[in-house]
Amino acid sequence: MDVLAPLLGFFDSLLMLLSEPETYLYLVASVFLGIVFGALPGLTATLAVTILTGFFGNKVPIEQSLIALLGAYVGAIYGGSFPSILLNIPGTAASAATAMDGHPLTKQGLGGRAIGITTTASFFGTLFGTLCLLSFSGLLLAIAQNIASPEKALLALFGILLSGALMSSDLVIKGWIAGMIGLGMAMVGLDPILSEARFTFDWAYLLSGFQVVPVLMGAFAVPQIIEGLVAGRMIAAAPKIGRITPSAGEVVARSGTVMRSSAIGVGVGALPGVGEDVAGWVSYGVGKSVSKDGARFGKGSLSGLLSAETANNAAIGGAMIPLLVLGIPGSPPAAALLGALKINNIVPGPTIDPSLIHHVVAILVLASAAMLLMGLALARLFIRILTLSPTLFLPVVMALTTIGSFSVGGGVNDLFLMIIVGLVAFVMGKMAYPIAPLVIGVILGGLFDETFRRTLLLSDGELSVFFSRPGALLLLVLNVGLVFSQIGPVKNSLKRLT
Amino acid sequence: MKLMKFAALAAALVFGASEASAQDYPFRDITTAVVWGAGGGTDTINRMIMAEMEKHLPVSVSVINQTGGVAGSNGMVYVFNQPDDGYTLVGLSESNVTAAVQGGWDQKFSVWYPFIVGGSPDLISVPADSPYNTLEELIEAAKAAPGTIPAGASGSGSIHHLNLLALENGSEVTFKFIPYKGSAPSQEAALTGEVQLVVTSLAEQQPLIAGGKLRPLAMLTPDDATLGDTTIPTAFTAYPDLANYLPLKQAIGFAVHASAPANAKAVLTEAFEKAMASPTVAEWAKTNFYDLSGASGDEASAIFATLESTFAWTLWDLETAKVDPAELSIAKP
């Protein structure tokens, strides 16, 4: 009975939603809005949810406004993959890993197929995450409660090292150098423990540190736009629109990847303070090391694309678990959702009404279905972008990117930051340094800094705490192993073994 | 002569226009920029009260978030730089009074004309599996091993940190203070066992207390509180010295430029008072464990001036303030 109760509650909510005509209107409008927000560079899922929260406030019943908020959340995490795949400019930080294999596919003229696979992957990822929210929230919470500061610090460091190792086209050390520059940039501003100003040179703007969105836009969009304008044509081969809906066989053949990536996405999403962006990278990294065609990752592998894109959407369900069960948001968009719930007098946490969880699950299932249908329909439209003249199109992208960077609220200085990071990224690209680890360094550096120093504060400076906790020890071994595997003699003996 | 005429015309236009706009306030939509992030107490309260005030105003109020800086200085600088015509409000809380001494900006809080919706009282809690069942047991343990029991609260200079400091002073113990970026992460740390006690507000803790994840030990206010069937005793009974330092209560609300036109202030005050009297707000406060205030204008300014002086000098004594409060002519408490 205990097993069936949530399932019955879910079907009850689902039928109730399907019987209301308003549901369809909210669903279609919000998923579309989400996709557009996700696809526009710099506009994030968090922003989409925040704007809708302001729009609905407590003016309509929460049962209805939740449809819009969750629809926009799902749509935005997915929508970011369009510019990632077609232009190599991630629409949101969550879809940065998607670009790694999505864009090479576009270059090979397979953009349509890539979008089709991504859409299906996002659909399965969202569904999987949602099912975990329904059935395993207790178990996942128990695991998440064992992840304290030491584990989070090592996880953040692993994310930076991993992206450095994965993204380098020639020497891994170049990826790590880029990652360390990003980590260094994350140190600017007020430190998270004592509120001391660091590297601010008495300039008030630097007190709040470097924001992720301008760095992301500068690092990915600016070099891409310069390259496009220099070349005078789109970097892609003439797009073959062809068949967009993937065949059942293509998906079934990769069901292992889908399941693994979904599980990683849910797990990472369930950790408070770590969101969809990290989920995409971790899953991509794991995929590269365990997948049969791992060597082809980064050159247009469908498995690579699936790894990133399934995980970032699965993280949505994961992020909802601590939000609904503990009242602690699992990702930045979930924090905006928390606000929406609170305005409507709903206090999420252990005392939450279970029917609300069933309602959220039902909405997420409907939103993922709406996303699948709209994604496949929109793909044909989006892919035509590649047939536009770049001299017309790229300036529009630049303008949108600028608006996106401005939207985070740091004023005109954020635009200068975007341009400087963009020029540095362009030069680094010319020298074959990967730029993604720099961005990951900025995203995860703050988390690493805060949790590492808090760990030492708690242990009075004793480093042994990283060995004595089982979770921390495992992550430490992974970190050290990753570094050692790149040292000449170790590398050679590893090669001989395989 | 021509010039004189022109000047007179221009003056008439300028003053006439400002007169008309002053009479018509509000003739266009109002924006409230909240200096803290979405989902937090200040954000939620502003969105809730603005939705109520809208019902008593002929225009809409849109709520945005302008976060970042030091103690919310980005949002305050943004609003301060907007025209002081009453069309841009700032959503803020007691923690913003430290922005000046922490170097975020160079204005005293008196540049604002505040409206206080309310706040939630602070309390001290321990994880559900903690060995400490009462505040006395915890204090005894801390006396036996000073500075070793990790205590979580949001970052240096927050209301919860100041409450923790007051508890230490009033009961003559020291904990090991571990700062977090907000109340939610500090409560999460208590659940993982990273810290052994946490100080946040009743509003923030109540779902975790009701769900049996946190065990409340004592209110840091003079009165007991009731949460469902449980009564949370006040810490003042066991430690009467606390009365010298406490209570330090949240003051969450919004503000308009102190230099805004008088009739704009009057219109806002009227809408605010009507909203505060509505059953929706009363019910919201009850469900979420907030005490409503309703203070505005001079009364609210006096409350914020006291908070500013307490916060600024406490931070100066802790050596975490960047700017001497005396330089900003903030009086000692």
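Residues numbered from 1 in each chain as written. Chains lettered and ligands numbered in written order. Predicted model: local features only at pLDDT ≥ 70, side-chain atom pairs only at ≥ 80, totals over all residues.

A. Looking closely at the overall build of chain A. A count of helices and strands for chain A gives 23 helices and two strands. Computed over C-alpha atoms, the radius of gyration of chain A comes to 22 Å, within 12% of the 23 Å expected from 2.2 N^0.38 for 498 residues, which places it in the range of a compact globule. Burial status across chain A gives 57% buried among its 498 residues. (Helix = DSSP H or I, 4+ residues; strand = E, 2+ residues; numbered from the N terminus. Rg over C-alpha atoms; globule rule 2.2 N^0.38 Å. Buried ≥ 20, exposed ≤ 12 C-beta atoms within 10 Å, placed from the backbone.)

B. Looking closely at the overall build of chain B. When helices and strands are tallied, chain B shows 11 helices and 13 strands. Scaling as 2.2 N^0.38, a compact globule of 333 residues should have a C-alpha radius of gyration of about 20 Å, and chain B matches this with 22 Å. Along the first, second and third principal axes, the C-alpha set of chain B runs to 85 × 45 × 30 Å. Expressed as a percentage of its 333 residues, the buried residues of chain B come to 54%. In chain B, once contacts between residues fewer than 6 apart in sequence are set aside, the share between residues at least 24 apart is 74%. (Contact = placed C-beta atoms within 7 Å.)

C. Main features of the interface of chain B and chain A. Contacts between the two partners involve 42 residues from chain B, matched on the other side by 38 residues from chain A. Of all the secondary-structure elements, those providing two or more residues to the side of chain B that touches chain A are helix H2 (41-54), strand E2 (61-65), strand E7 (176-180), helix H6 (183-192), helix H7 (202-210) and helix H10 (279-288) of chain B. A breakdown of the residues in the side of chain B that touches chain A according to their chemical character gives 15 nonpolar, 21 polar and six charged. (Nonpolar A, V, L, I, M, F, W, Y, C, P; charged D, E, K, R; others polar.)

D. Representation of the environment of A:Pro83 in the model. Residues and elements named next belong to chain A. Mapped onto the fold, Pro83 is located in helix H5 (residues 81-87). Sequence separation between Pro83 and Ala39 is 44 residues; the distance between their C-alpha atoms is 5.9 Å. If sequence neighbours within four positions are ignored, Pro83 has contacts with Ala39, Pro41, Ile89, Pro90 and Gly91.

E. Layout of the packing of H2(B) against helix H9 (residues 262-276) of chain B. All names here are of chain B. It is at 8 Å that the axes of H2 and H9 come closest, and there the two elements cross at 105°. As the angle between them shows, H2 and H9 are arranged roughly perpendicular. Touching Ile49, Glu52 and Met53 of H2 are Ala271, Phe272 and Ala275, all from H9. Here the contact of H2 with H9 is composed, by residue class, of five nonpolar, no polar and one charged. (Axes fitted to C-alpha atoms, helices over the stretch in contact; angles between N-to-C directions. Parallel < 35°, antiparallel > 145°, perpendicular 65-115°, else oblique.)

F. Expanded view of the domain arrangement of chain B. Residues and elements named next belong to chain B. According to the domain assignment, chain B consists of domain 1 (25-119 + 250-317) and domain 2 (122-244). On a C-alpha basis, the centroid separation for the pair domain 1 and domain 2 is 28 Å. Between domain 1 and domain 2, the residue contacts involve 13 residues of the former and 10 residues of the latter. In terms of residues, the side of domain 1 that touches domain 2 owes the most to one element, helix H11 (residues 297-317), which gives three residues. (Domains from an automatic or database assignment.)

G. How the structure looks around the sheet that holds strand E8 (residues 197-201) of chain B. Residues and elements named next belong to chain B. Read from one edge of the open sheet, five strands run E7-E6-E8-E5-E9, paired in mixed fashion. The outermost strands of the open sheet, each flanked by one partner alone, are E7 and strand E9 (214-219). Direction aside, the axes of adjacent strands within the sheet are offset by 30° on average. In the sheet, strand E5 (residues 122-127) pairs with E8 via four bridges, with the strands oriented antiparallel. Counterpart to Ser125 in the pairing with E8 is Val198. (Pairing = 2+ DSSP bridges.)

H. Summary view of the sheet that holds strand E13 (residues 291-292) of chain B. All names here are of chain B. The strand order across the open sheet formed by six strands is E2-E1-E3-E12-E4-E13, and the pairing between neighbours is mixed. Edge strands, defined here as strands with exactly one partner in the open sheet, are E2 and E13. In this sheet, strand E12 (residues 252-257) lies alongside strand E3 (residues 88-92) in antiparallel orientation, the contact comprising three bridges. Looking at the pairing, Val90 lines up with Ala255 of E12. In this fold H9 packs onto strand E4 (112-119), E12 and E13, with an angle of close to 165° to the strand it touches most, E12.

I. Summary view of unusual backbone geometry. With omega at -10°, the peptide bond leading from B:Tyr25 into B:Pro26 counts as cis. Looking along the chain, the bond that leaves B:Leu246 and enters B:Pro247 is cis, with omega of 0°. Looking at the secondary structure, you find B:Pro247 in the loop between helix H8 (235-238) and E12. Even without being glycine, A:Phe201 reaches a positive phi, approximately 50°. For A:Phe201, the position within the fold is in the loop between strand E2 (197-198) and helix H11 (212-231). Positive phi is not limited to glycine here, since B:Ser329 has a value of about 50°. Inspection of the secondary structure puts B:Ser329 in the segment after H11. Judged by C-beta crowding, with 7 C-beta atoms within 10 Å, B:Ser329 ranks as exposed.

J. View of the packing of helix H3 (residues 45-56) of chain A against helix H16 (residues 332-343) of chain A. All names here are of chain A. Orientation of H3 relative to H16, taken along the N-to-C sense of each, is 10°, at an axis distance of 8 Å. Between H3 and H16, the angle falls in the class roughly parallel. Contact residues: Ala45, Thr46, Val49, Thr50 and Thr53 in H3; Pro332, Pro333, Ala336, Leu337, Gly339 and Ala340 in H16.

K. Just helix H2 (residues 21-39) of chain A, in detail. Residues and elements named next belong to chain A. With 19 residues, H2 should cover 27 Å at 1.5 Å per step; its first-to-last C-alpha distance of 28 Å lies within 8% of that length. Within H2, the full set of buried residues consists of Tyr26, Leu27, Ser30, Val31, Gly34, Ile35, Phe37, Gly38 and Ala39. In this structure, the buried side of H2 is in contact with H3, helix H4 (62-79), H5 and helix H17 (354-383). (Expected span 1.5 Å × (residues − 1).)

L. Inspection of the nonpolar core at higher detail. One finds A:Leu69, A:Leu70, A:Tyr73, A:Val74, A:Ile363, A:Ala367 and A:Val439 to be the most contacted residues of the largest nonpolar core, which totals 258 residues. Aside from chain neighbours lying at most four places away, what touches A:Ala367 is A:Leu27, A:Val31, A:Leu70, A:Gly71 and A:Val74. (Core = buried A, V, L, I, M, F, W, Y, C linked by C-beta atoms within 7 Å.)

M. The confidence of the model for chain B, seen in detail. Per-residue confidence for chain B gives a mean pLDDT of 87; residues scoring 70 or more make up 93%. Contacts for the low-pLDDT stretch residues 12-22 of chain B, under 50 throughout, to residues beyond four places or in other chains number three contacts. (pLDDT = per-residue confidence, 0-100.)

N. Spotlight on the pairing of E8(B). Residue and element names in this part refer to chain B. Of all five residues making up E8, five are buried, and the element is well covered by its neighbours. Judged from the two bridges that link them, strand E6 (residues 150-154) and E8 form a sheet pairing that is parallel. Along E8, the bridge assignment pairs Ala151 with Leu197.

O. Up close: the environment of A:Phe406. All names here are of chain A. Here Phe406 lies in helix H18 (residues 390-406). C-beta crowding within 10 Å serves as the criterion here: with 18 such atoms nearby, Phe406 is assigned to the partly exposed category. Separated by 193 residues in sequence, Phe406 and Val213 have C-alpha atoms that sit 8.9 Å apart.

P. Structural view of the environment of A:Leu417. All names here are of chain A. In this structure, Leu417 sits in helix H19 (residues 412-430). Expressed as a C-alpha distance, the spacing of Leu417 and Asp293, which sit 124 residues apart in the sequence, is 38 Å. Leu417 has contacts with Phe210, Pro214, Val215 and Gly218, leaving out every residue within four places of it along the chain.

Q. Geometry of helix H5 (residues 159-171) of chain B. All names here are of chain B. The terminal C-alpha atoms of H5 lie 18 Å apart, and with 13 residues this matches the ideal 18 Å at 1.5 Å per residue to within 8%. Among the residues making up H5, those that are buried are Ile159, His160, His161, Leu162, Asn163, Leu164, Leu165, Ala166 and Leu167. In the segment just after H5, Glu172 is the residue with positive phi, at about 55°.

R. Quick look at the pairing of E6(B). All names here are of chain B. Counting buried positions along E6 gives five out of five residues, so the element sits mostly inside the fold. Of the two faces of E6, the one carrying Pro150, Gly152 and Ser154 and the one carrying Ala151 and Ala153 are both buried. Note: E6 against E7, five bridges, orientation parallel. The partner of Ser154 across the bridge, within E7, is Tyr180. Chirality of the crossover, the property in question, places the unit of E6, H5 and E7 among those that are right-handed. (Right-handed = clockwise from strand over helix to strand, strands pointing away.)

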